[in-house]
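An overview of the molecular structure
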Amino acid sequence: MDYATLLQILDSTLRLATPLLLACLAGLYSERSGIFDIGLEGKMLAAAMATGAVAFYSGNVWVGALAGIGASLVFAVVHGLASITFRGNQLISGVALNFVASGITVLIAQAMFGQGGRTPPLDGAARFNPITLPFADALGTVPVLGPLYREVISGHTALVYVALAAVPLTWWVLYRTRYGLRLRAVGENPASVDTAGVSVARLRYSAVAITGILCGLAGAYMAAGLQAGFGREMTAGRGYIALAALIFANWLPWRALAATLLFGFLQALALRPDVIERTLQISIPVPALDALPYVLTIIVLFGFVGKPQPPRAGGEPYVKER
Amino acid sequence: MTKLPVWADVVLVPLISLLLAGAISALVILGIGGSPWEALTTMVDGALGSPYAWGYTLYYATSFIFTGLAVTVAFHAAMFNIGGEGQAQLGGLGVALACLFIPWPHWSLALLGAATGAALFGAAWAMIPAWMQAKRGSHIVITTIMFNYIGAALIIYLLVYVLRPVGQMDPATANFPPSTHLPTLNQIPGLNLIFTKKVPANVSLFVALIACYLVWVLLWRTQLGYELRAFGKSQEAAKYAGISGTKIIMVSMLISGALAGLMSINNVMGESGRLLQNSSEGAGFIGIAVALMGRNHPVGVLLAAILFGFLYQGGAELGLWTSIPIELRTVVQGLVILFTGALDQMVRMMLGLVFRPARKLEAA
Amino acid sequence: MTGDTNVGRQETAAPAIELRGISKAFGSVQANKDISIKVARGTIHGIIGENGAGKSTLMSILYGFYRADAGEILIHGRPTQIPDSQAAIRAGIGMVFQHFKLVNTFTVLENVILGAEDGPLLRPSLSKARKVLQDLARDYELDVDPDALVEDLSVGHQQRVEILKALYRQADILILDEPTGVLTPDEADHLFRILRGLKDQGKTIIIITHKLREIMEITDTVSVMRRGQMTATVKTAETSPEQLAELMVGRKVLLDVAKTPATPGRTILEVKGLRVRDEHGVERVKGIDLHIRAGEILGIAGVAGNGQSELIEVLGGIMKGSGTVLLNGEPLDLSGRASDAESRREKGVAHVPEDRQHLGMILDFTAWENLAFGYQGDPAYHRNAILMDNDAMMQEALGKMERFDVRPPIPTLQGKSFSGGNQQKIILAREIERNPDLLLVGQPTRGVDIGAIEFIHKRIVELRDAGKAVLLVSVELDEIMSLSDRIAVMFDGRIMGERDPDQTNERELGLLMAGVDNETAA
């Protein structure tokens, strides 16, 4: 593989990793607070549809993204109601909401646009457009690193940089702020937070809301960044891959970045079977590459790469003890 | 909170959940400019209005009985198997291999062989997640999701690269030989008086009914069922009672996987007559709704499966005759799962409000 | 006594806490009924009562976990609403729960500031807390390493973290729920020193316990609760353990079980060098030797958490261990294929577990299903190789429920519908009627009403008289002393010594339980 091809693949790695990263961090907030969320997929899908539709009508991608966040939040609140207020089964709630999202996005898109459940193609200001970072062209001439900066780091849409910035921000929130302390505590032992006079429900709702916002961004990026419009089932299991990445990352922010970059890289490779064939001199079937993130997660779960340590109160509704 | 009478919990909670799901769906239909009444009549007409329509409804119900039972058996052991989709697709592979590579003299023997293959392959696909749960404590929900995707990728690979006949374009196996064709309801003497047109519902329906009965016997009349339910209620107590957790997790998931796999005799063998990609078409997931709706009891599963059969056939009719897309059924399915499985406490609370005044009157 | 002068002085000032007519019901159960007490500032007040008397409910109301159905709370004379824990903390109330509310993966410092941070950022809070902790450690013997992870601390130290949490929130009323249940006598002494120090600084302390000895040792005044009601409040100096015990149960407690001297026969159980590790790899039983003969009850005394649970569980086939255990002269498998509970039952070991509701039965199962629990493989319960015989199980259950006086004697009721005492009778009926060679019994009367206690004790003695061996584990010293024919005391996974119940006393056993070695204690 030549350097230019590598840069191309790394460039698409970053693009493909972005929705995974946003969704993975979304899951991190929720799960760190003790609420399992299998519904990342559904929230992304709902956000993608809302973004596609509203961006088309308003012609402004940011208005579209806001609508996407709103749609994702609606699903997040229902999940919160089921998991927190009514102490229901969090896994079942997530599964259910994924189905609702999968169906309702098509229903609405079809009713609005009558294009087989798609939203019309977006262009111009209705899409996220690439941002060229300062000095990209000037530094591009520097050997090795220059092209890397120009081709891979620079020239992405705003949400790519937002996603990257969310990693250190999440770390800082978790480990350096009062909110983070409480969030981690409520996922480990909600009784400790409750007896300290802090509302478990409010904390968990806030975490679920952050999950909604981040999933909203992920969905907005899918519809108006990675692609130009919403199509049925366009998230194609990315919510589940993000979930896998979260386990892979052992619920830690920096590792979430590493895991999603790895999975993004695999997805980028799957788009270029020709490159693999040239490089490895053998042909790897595309389905094998598609399945690789899941296989890797299974391997991690097997305990070959250290045992995952999920938040201890995860999945359990909080009931005050007598 | 007011404690509900048992019958209310068993009958009313699923019914109210269904009504809630129905009401929200009606609002959705209104919202997209359709008529809920027209939608309902179209669905009833198309799914229940004639023997022909029933032939489709029962065809779908057959698949859902299998996947619903699969989820039920696992649920009783406190395992949430959402890998029915992958297990069903692998079951389809078992059916395909049995039908394509063994020369069966008669469909009954072919059914036996294919069912064995389906159950074995389905169980095999549940085995690794089960083992990981038993030995590594890896959450069965996460692992079965992963195995759904891995399974789908595996089937696509096999269909594209291995099982596709030379010269055929679409990724599918060759057609199964005629000797493996299962009689449909219109081909069965006696029933053909009712089902006069060709319908997809086939003898697998009777296998599904037998499976319902066997699952009931298993859960409430055998030692394994006793141990499985005990383990599902309390893993610690099960250990005290000398019940091996590893054994129960493995056995319950293998049975679950086998049941999910068995649905392939209905769709792959009975209907399409060859293995296509995504053969299960979401039936594995519908099993979750069916099990929840059916309160994890085979009789409930049977009724819920017919209900979802109606929903599926009716939803397809909607897609044909109205402007309402077929995806409406996915929404209803999600809502039913939501209300019966996750918001059940809310439904109970609502019912509690109804029952409380009645109680007070009794007391006075 | 200082308590007397304090009580006298406080008659004039407003009490730190006053409860007026507090009532609370859970469904049809009246947990608290018209409770009124006054606790003077700067005193230690004990609340004593049996399990289920309503003590914890009352304290949960005071800490805002529950709202009283009726009644009034006055803090320092001011009527105060306590709708949640936040309000309790604002009112200056701190609570140390029986089960600690700590985040195990956090440091001591992080646990202390949780919920009481000074601002949105952690750093200032942490450095402030570090200073405050240093002061508190100096003033009250409350030293704990602020940077240690809570999961690495001993139970006694974890309790100190809980007290520190309350003090950091400037609590001046401290409530401790069963604080010594998990402590060694040594740790308990240390705790009492801390509490006296706090009292001297003017803090008000409420201790909830069911242990008479502690009440007599540390409190100034004591209230007695029985079946949700406050039956008396007295000055500790003016009462006696006997009087308190009577107030607690409503009549003289028959502490002695009527039983004839044991006539031990051949050795049934012989344990040599038994070692048990828990799931974290921590050694809980550190090489113990013991034997039990036919017709003999061996009582294992000790503070909870000193390896008794692991001992009984490894013998019952729930945990794995190493060493030698002979049952009727045959070695038992301690770690292999035949080390499970089913194999134990086949060899004639019956087990009444310590944790009745989580181990001994399935609460959602019916009584008849529970009465076969653990013996589900018995051919008597099977029609043929595949099907179980539910009718036979039902018939047998009826007989057992009648013989063990289980109320109500309805086999189709779910396990959770029975009271604690009746649940225990169901388990005993199941295990004793198997006529085992060896019966393992853990905490047979925990949470069981007085009437059932006598019944249960009688049945255990009957089994002994039938020539069976009984291993009894209990944290109730009274129970151990009145039931056992021999007493072995466990401390830190070892047996500290063996005593004849007729030739020892609570003091001597207490010393052994505290880890003082055999000779010194004697």
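What comes next concerns the included structure. (Residues numbered from 1 in each chain as written. Chains lettered and ligands numbered in written order. Predicted model: local features only at pLDDT ≥ 70, side-chain atom pairs only at ≥ 80, totals over all residues. Heavy atoms only, no water.)

With that settled, the discussion passes to the overall build of chain B. Along chain B, the regular secondary structure elements total 15 helices and zero strands. In terms of C-alpha radius of gyration, chain B reaches 21 Å, essentially the compact-globule figure of 21 Å for 364 residues. Dimensions along the principal axes, computed over C-alpha positions, put chain B at roughly 80 × 55 × 40 Å. Buried positions account for 59% of the 364 residues belonging to chain B. Summed over its atoms, the accessible surface of chain B is roughly 14,200 Å², and 69% of this surface lies on carbon and sulfur atoms. (Helix = DSSP H or I, 4+ residues; strand = E, 2+ residues; numbered from the N terminus. Rg over C-alpha atoms; globule rule 2.2 N^0.38 Å. Buried < 20%, exposed > 50% of the residue type's maximum accessible area, 1.4 Å probe, protein only. Areas by Shrake-Rupley, 256 points an atom, 1.4 Å probe, with all protein chains shown as cover.)

Below, the discussion takes up the packing of aromatic side chains. Throughout the structure, instances matching the rule amount to 25 aromatic pairs over all chains. Judged by centre distance (5.3 Å) and plane angle (10°), the rings of B:Phe75 and B:Phe80 are stacked. Here B:Phe75 and B:Phe80 have matching classes, each one buried. Seen from their ring centres, C:Tyr63 and C:Phe65 are 6.1 Å apart, and the 55° between their planes marks the pair as tilted. (Phe/Tyr/Trp six-rings, centres within 6.5 Å; stacked < 30°, edge-to-face > 60°.)

Attention shifts here to the nonpolar core. One finds B:Phe64, B:Phe80, B:Val95 and C:Phe373 to be the most contacted residues of the largest nonpolar core, which totals 259 residues. Membership of the second largest hydrophobic core comes to 49 residues, among which are C:Val96, C:Leu109, C:Leu122 and C:Leu136. (Core = buried A, V, L, I, M, F, W, Y, C linked by side-chain atoms within 4.5 Å.)

Residues and elements named next belong to chain C. In space, the four strands of this open sheet follow the order E12-E11-E14-E15, with antiparallel pairing throughout. On the outer flanks of this sheet lie strand E12 (283–293) and strand E15 (330–331), each paired with one strand and no other. For strand E11 (residues 267–277) and strand E14 (residues 321–327), the ladder comprises six bridges, and the chain directions are antiparallel. Residue Val-271 lies in a different strand from E14, and its bridge partner there is Val-325. Contacts from helix H10 (residues 308–315) reach E11, E12 and E14, with the element oriented near 120° to E11. (Pairing = 2+ DSSP bridges. Contact = heavy atoms within 4.5 Å. Axes fitted to C-alpha atoms, helices over the stretch in contact; angles between N-to-C directions.)

Turning our attention to the sheet that holds strand E1 (residues 17–26) of chain C. Residues and elements named next belong to chain C. With antiparallel pairing, the four strands of this open sheet are ordered in space as E2-E1-E4-E5. Looking at strand neighbours, the two that pair on one side only are strand E2 (29–39) and strand E5 (78–79), the edges of this open sheet. Pairing of E1 with strand E4 (residues 70–75) involves five bridges; the strand directions are antiparallel. Looking at E4, one finds that Ser-23 is bridged to Ala-70. In the packing of helix H2 (residues 55–62) onto the sheet, the strands contacted are E1, E2 and E4, and the crossing angle to E1 comes to about 115°.

Chain B puts 19 residues into the contact, and the matching count from chain C is 28 residues. Buried area between chain B and chain C, summed over both chains or domains, comes out near 1,900 Å², and the portion from carbon and sulfur atoms is 60%. Broken down residue by residue, the surface that chain B buries against chain C is led by B:Gln223, B:Tyr226 and B:Tyr240, which jointly contribute 42%. Inspection of the region where chain B meets chain C yields two salt bridges. With a shortest N-O distance of 3.4 Å, C:Asp364 and B:Lys233 are connected by a salt bridge. Linking chain B to chain C there are 14 residue pairs in polar contact (both at pLDDT 80 or more). Considering each element in turn, the side of chain B that touches chain C owes the most residues, six residues, to helix H8 (residues 223–233) of chain B. (Buried area = accessible area lost by both parts, 1.4 Å probe. Salt bridge = Lys/Arg side-chain N within 4 Å of Asp/Glu carboxyl O. Polar contact = N/O pair within 3.5 Å; in protein donor to acceptor, adjacent residues only side chain to side chain.)

What is shown is where atoms sit, not what they do.
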